[in-house]
Amino acid sequence: MIENFGFIHEKIEVKMLILFVLKRLPEPATLELLSELTLCDEAISYFDITDCVQKLEETNHLVSSEGKYSLTAKGERNGEILEENLPYSVRQKAEELTAKIRASVDRNAMIKTSRELQDENGYMVTLSLSDGVSEILSMEIFAINEKKADKLEKGFRKNAEEIYHSVMKLITGE
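**Structural notes on the nonpolar core**
Thinking step 1. In terms of nonpolar packing, the biggest core is built from 27 residues, with Leu17, Ile18, Val21, Leu22, Val53 and Leu62 touching the most fellow members.
Thinking step 2. Among the secondary structure elements, those contributing two or more residues to this core are helix H1 (11–24), helix H2 (31–38), helix H3 (46–58), strand S3 (68–71) and helix H5 (88–110).
Thinking step 3. Among the elements that line this core, the one with the most residues is H1, at eight residues.
Thinking step 4. If near-sequence neighbours (up to four positions away) are discounted, Leu62 is found in contact with Ile18, Leu19, Leu22, Val53, Leu56, Glu57, Tyr69, Ser70, Leu71 and Thr72.

What follows is the structure, given as structure tokens:
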């Protein structure tokens, strides 16, 4: 039994929360990310999470591959059945935290960067942005070395939407 403040008081509730969180993530999660997302209730400790993840894996609710955990069909089914038993405030907090992860993964999927070595002269860096349906911006920029190519790729990943809007504003004059 978990002895602290918060709404989660039993190990079964920690397990339900882990299943709840994993169901809402777009991809498998490391133990660190899973811990970060399930420590949304003051009563849960890291040790509770690691213990429950291990038990869920032993009972075939979770599967681990390359250090990342995902739900099995059994875990998804049981999680769906039990998730309403989680306190509402805990579910809401977990939803908010996983929504941020989903948004980040979705955004990253829409931004593509690559580079190609151009003899010994430098790199041709390709940067593109999609709206989720089709490519809305694509450009190639020459970088004189790998360090500049890295900067171009990182800068584009960080500011892709602003770059798109700035280009549109410059071209249309609006």
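**Points about the side chain of His61**
Thinking step 1. Note that His61 resides in the loop between H3 and strand S2 (62–65).
Thinking step 2. A polar contact of 2.6 Å, which involves the side chain of His61, links it to the side chain of Thr59.
Thinking step 3. Here the side chain of His61 touches Asn78 through a polar contact of 2.9 Å, side chain to side chain.
Thinking step 4. When residues no more than four places from it in sequence are discounted, the contact partners of His61 are Leu19, Leu56, Ser70, Leu71, Thr72, Lys74, Gly75 and Asn78.

**With respect to the pairing of strand S5 (residues 122–130)**
Thinking step 1. Pairing geometry for strand S4 (residues 111–118) and S5, over eight bridges, is antiparallel. Opposite Lys112, over in S5, you have Ser128 as the bridge partner.
Thinking step 2. In this antiparallel pair of consecutive strands, S4 and S5, the connection spans three residues, and Asp119 shows a positive phi of 50 degrees.
Thinking step 3. When S5 meets strand S6 (residues 135–143), the two strands line up antiparallel, connected through eight bridges. Across the sheet, the residue bridging to Thr126 is Glu140, located in S6.
Thinking step 4. With antiparallel pairing between neighbouring strands as the criterion, S5 and S6 make up a hairpin whose turn holds four residues, including Gly132 at a positive phi of roughly 100 degrees.

Reading the values: the criteria
Residues numbered from 1 in each chain as written. Predicted model: local features only at pLDDT ≥ 70, side-chain atom pairs only at ≥ 80, totals over all residues. Heavy atoms only, no water. Core = buried A, V, L, I, M, F, W, Y, C linked by side-chain atoms within 4.5 Å. Buried < 20%, exposed > 50% of the residue type's maximum accessible area, 1.4 Å probe, protein only. Helix = DSSP H or I, 4+ residues; strand = E, 2+ residues; numbered from the N terminus. Contact = heavy atoms within 4.5 Å. Polar contact = N/O pair within 3.5 Å; in protein donor to acceptor, adjacent residues only side chain to side chain. Pairing = 2+ DSSP bridges.

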